[in-house]
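# A closer look at the structure
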Amino acid sequence: MLAALLLLPLCSAALSWVLPGDRGRRALLVGTAAAHFGLTVAVWIRRPGPLLSGWLAADALGLLFLGITSLLFLAVAAYSVGYLRRASMHRAQGETAGGSEAGFTACLLLFLAFLTLVTLCQHFGLLWVAVEATTLATAPLIYFQRSARSLEATWKYLLLCSVGIALALLGTFFLAASAPGGGLSLSALLGRAAGLHPVWFKAAFLFLLVGYGTKMGLAPMHTWLPDAHSEAPSPVSALLSGALLNGAFLAVLRVQQVAVAARLGGFGRDDLLALGLVSLAVAAVFILHQDDFKRLLAYSSVEHMGILAVGIGLGGEGTFGALFQAVNHSLAKGLLFMTAGNLLAAYGTKLAAEVRGAPRILPVSGVLWVAGFLAVTGTPPFGTFLSELVILKAALATGRYAVAAVYLFLLAVIFVGLLGVMLRMVQGEAPKAVRPMRESVWTTVPAAALGLMALMLGLVLPPWLDEVLRAAAALLGGS
Amino acid sequence: MTFWTDACLLLLVLTGLVLLGTGRLSFGIRVVAVQGWVLGLLPLLHEGGTPGTPAFLLAALALTVKGVIFPWLLTRALRDANVRHEVDPVVGLSASLIIGIAVLVPLLAFGPHLLPPFPLPSRFWVPAAFFLVFTGLFLISARRQALTQVLGYLVLENGVYTFGALLMSQQPWLVELGILLDVLVAVLIMGVIIFHISREFDHIDTEHLTHLRDWRRAGQDDLPSSEGKGR
């Protein structure tokens, strides 16, 4: 079953190169995403055993991130149909160049395959290969628009992430050096954790944290993120923010898993806490006065990655909070980037100041835009409110009042910054040149579905999700 | 064997120094090719005795990718992408060399004490690997041209690979193969992007890649937005 999960998107990617028509290719994309999601649900229920002598397995952590990825990909695949239609309409009018649709679909599917591998793999060497492969699969996606700006964003993304990931490879080798004679599989490392060389392990942890942290968008290594997120096509931005960043976060969690087993969990938590707070602060500074609404969302991703790191860094209940936050963030950010794509298509600008009266132009997307902002800023009754509260409680419970105060202050600043921009975009009269338009089902329903789920998670936490979240937190030594 | 191992490591350090001091891109590419050959041989020296067939195959593969394919790709990019042949340094060449030596001396002095918890074929293995990692990072940050940055990325990757060669024998060959493949594809994509940059901007100085920023200056000329219909 795990093999099918990996091979399905790979085969579809190959197929999408061969298929002649755009229509068939879009059906293939959505069909593959739906089948992948079905398989993920089956894996979630059946819990199949490990594969390839334990290199691939679905433990609670992997299962959680696999679920998020597959769900978000399904929504994005459906949204992409609407996006690609719009793009081909523009191309027919000769307005934008853009890359080939076959390449776009193939890269999306390859990205799904590699990210699935990230969630399932239990070997640090393979994990590195998979994470780097996701970088390579997404680089052409960011450059899909074929403009000078997207070229610049792609170059920064490729170079910064490749350098980061190269440092993670050095960290992986350090990890092997700290446990001489053994392999790099997770179970082997966990089994011999007590015998790890502490100095080499700490060096390994730092390099892996910086390396995968670059990919995850933790400040100060986040500089590629706003450019890539704002210049990529909106479905790709949604995937980058909701799935790719989580994949890198999972890689960091795997290292922390070994650190906990080696009784160096405290060392790992302190590092994560520091990076998390820095990310929150950087996000707060750049969210104020931000005039580009896609960049605004990108900095909000930096903020949320910071919250995840803070949650893990606090430990205890905070671990659960961080994992729950990862689910909520993916749902909310998927919703927001898709809606941002709709606004961008209607207004033709990314400048927040030029977007006014959004609900008059786009009745559905306008409302979704407001809902998304409430969800992403942690307003009750959305799920983010609960998870952010759990993390705050963890800070108070461990007696870190300074951390709690800084965390609350920065969240408040970001709330004000985001809400100010959102309100201005929603209120007022729309510019004369922009006509109200009928919205396609493809571009609104996936976003609305994600929004509904983000809302539901704030009202009831389903027992099956709760169980996996608790099991995953237990793997990281939290509760 | 120790003599040959030390000689190889010395050669690696020297190529790093030469790269810091060179002003010609085509020469830099050739130096990186030499680095690739040495790196291909390194795992075989480390094995001791007679290496098995997989070790030979992997060494041959690494040598081909790092010593032949990469230099060929970069040379092609240099020719086709209408690139100036100077490296265009941010930090001057002699200053780069002095910084390199300033890093190398403490590495050689203290490096032999940074021993991993297993026997090493040479005490200079770890310092040599770290020096290449440093050189790579330095070239990426202190040179303007996109092509030089790729060169720096390759040197960084070579440094990591040098350290990894110590442990490769313990790792499954599948992982090593995956690493080589990933780096190969990364360089391929970087090559394509460089080609597009040269076509789009008529040059590949990354200093001009500054349109994406957070706070716009008044009156700054702006490129059209990439998504939707443009402004």
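Above this text sits the structure in question.
Before going into details, it helps to say that this report is about the structure given with it. (Residues numbered from 1 in each chain as written. Chains lettered and ligands numbered in written order. Predicted model: local features only at pLDDT ≥ 70, side-chain atom pairs only at ≥ 80, totals over all residues. Heavy atoms only, no water.)

### Points about the pattern of salt bridges
All names here are of chain A. In total, this model carries 11 salt bridges over all chains according to the counting rule given. Across the pair Asp 22 and Arg 25 runs a salt bridge, and its minimum N-O distance is 2.7 Å. Taken as a pair, Asp 22 and Arg 25 lie in helix 2 (residues 22-46) at a separation of three residues, close to a single helical turn. Asp 22 gets classed as partly exposed once you look at its relative accessible area, which sits at 31%. One salt bridge in this structure joins Arg 470 and Asp 466, with 3.7 Å as the shortest N-O distance. Of this pair, Arg 470 and Asp 466 both sit in helix 19 (residues 463-475), four residues apart, roughly one helical turn. Here the residues in one salt-bridge network are Glu 152, Lys 156, Asp 227 and Arg 295, joined through shared partners. (Salt bridge = Lys/Arg side-chain N within 4 Å of Asp/Glu carboxyl O. Helix = DSSP H or I, 4+ residues; strand = E, 2+ residues; numbered from the N terminus. Buried < 20%, exposed > 50% of the residue type's maximum accessible area, 1.4 Å probe, protein only.)

### Observations regarding the packing of aromatic side chains
According to the stated counting rule, one finds 20 aromatic pairs over all chains in the structure shown. Seen from their ring centres, Phe 174 of chain A and Phe 130 of chain B are 6.0 Å apart, and the 55 degrees between their planes marks the pair as tilted. Taken as a pair, Phe 174 of chain A in helix 6 (residues 148-178) and Phe 130 of chain B in helix 5 (residues 125-142) lie in two separate chains rather than in one. The exposure classification of Phe 174 of chain A matches that of Phe 130 of chain B, with both residues buried. Ring geometry for Phe 174 of chain A and Phe 163 of chain B: centres 5.0 Å apart, planes at 70 degrees, overall edge-to-face. With one member in each of two chains, Phe 174 of chain A in helix 6 and Phe 163 of chain B in helix 6 (residues 146-165) form a pair that bridges those chains. Across the pair, Phe 163 of chain B and Phe 174 of chain A agree in class, each one buried. Chaining the aromatic ring pairs together yields one cluster made of Phe 174, Trp 200 and Phe 207 of chain A together with Phe 130 and Phe 163 of chain B. Positioned over the ring face of Phe 267 of chain A is Lys 202 of chain A, at 5.2 Å from the centre of the ring. Over the ring of Phe 320 of chain A we find Arg 470 of chain A; its NZ or CZ atom is 4.1 Å from the centre of that ring. (Phe/Tyr/Trp six-rings, centres within 6.5 Å; stacked < 30°, edge-to-face > 60°. Lys NZ or Arg CZ within 6 Å of the ring centre and 35° of its normal.)

### A few points about unusual backbone geometry
For residues besides glycine, phi is generally negative; the peptide bonds are generally trans as well. All names here are of chain A. With an omega of 0 degrees, the peptide bond between Ala 219 and Pro 220 qualifies as cis. The residue Pro 220 is located in the loop between helix 8 (198-216) and helix 9 (224-231) in this model. A cis amide bond links Pro 380 with the next residue in sequence, Pro 381, at an omega value of 5 degrees. Mapping Pro 381 onto the fold places it in the loop between helix 15 (363-376) and helix 16 (383-397). Even without being a glycine, Arg 47 presents a positive backbone phi close to 50 degrees. A positive phi is found at Arg 263, a non-glycine position, where the angle reads about 60 degrees.

### Topic: the packing of helix 15 of chain A against helix 18 (residues 441-459) of chain A
Residue and element names in this part refer to chain A. In contact at an axis separation of 10 Å, helix 15 and helix 18 are set at 25 degrees when each is read in the N-to-C sense. Overall, the two elements helix 15 and helix 18 adopt an arrangement that is roughly parallel. Both helix 15 and helix 18 take part in a crossing whose hand is left-handed. Residues Val 364, Ser 365 and Leu 368 of helix 15 form the contact with helix 18, whose participating residues are Thr 444, Ala 447 and Ala 448. The residue inventory of the contact of helix 15 with helix 18, partitioned by class, reads four nonpolar, two polar and no charged. (Axes fitted to C-alpha atoms, helices over the stretch in contact; angles between N-to-C directions. Parallel < 35°, antiparallel > 145°, perpendicular 65-115°, else oblique. Left-handed = near helix turned anticlockwise from the far one by under 90°. Contact = heavy atoms within 4.5 Å. Nonpolar A, V, L, I, M, F, W, Y, C, P; charged D, E, K, R; others polar.)

### Things to note about a nonpolar patch on the surface
Together, Leu 452, Met 456, Leu 459 and Val 460 of chain A give the surface a local cluster of nonpolar side chains, amounting to about 400 Å² of exposed area. Here Leu 459 of chain A is to be found in helix 18. (Patch = residues over 30% accessible without salt bridge, like charges linked within 9 Å, V, L, I, M, F, W, Y side chains within 5 Å. Areas by Shrake-Rupley, 256 points an atom, 1.4 Å probe, with all protein chains shown as cover.)

### As for the packing of helix 11 (residues 265-287) of chain A against helix 12 (residues 293-314) of chain A
All names here are of chain A. It is the contact of helix 11 with helix 12, at a shortest axis distance of 7 Å, that shows an interaxial angle of 155 degrees. With respect to helix 12, the element helix 11 is oriented roughly antiparallel. Of the two possible hands of crossing, helix 11 and helix 12 adopt the one that is left-handed. Where helix 11 approaches helix 12, its residues Arg 269, Leu 272, Leu 273, Gly 276, Leu 277, Ser 279, Leu 280, Ala 283, Phe 286 and Ile 287 are matched on the opposing element by Leu 296, Tyr 299, Ser 300, Val 302, Glu 303, Gly 306, Ile 307, Ala 309, Val 310, Ile 312, Gly 313 and Leu 314. Here the contact of helix 11 with helix 12 is built from residues that sort into 15 nonpolar, five polar and two charged.

### Let's talk about helix 16 of chain A
Three- or four-residue spacings in an α-helix give side chains the same orientation, since the helix completes a turn every 3.6 residues. Residues and elements named next belong to chain A. Taking 1.5 Å per residue as the helical rise, helix 16 with its 15 residues ought to reach 21 Å, and the 21 Å between its terminal C-alpha atoms agrees with that figure. Looking only at helix 16, the buried set comprises Gly 383, Thr 384, Ser 387, Glu 388, Val 390, Ile 391, Leu 392, Ala 394 and Ala 395. The secondary structure elements touched by the buried residues of helix 16 are helix 12, helix 13 (317-347), helix 15, helix 17 (401-426) and helix 18. (Expected span 1.5 Å × (residues − 1).)

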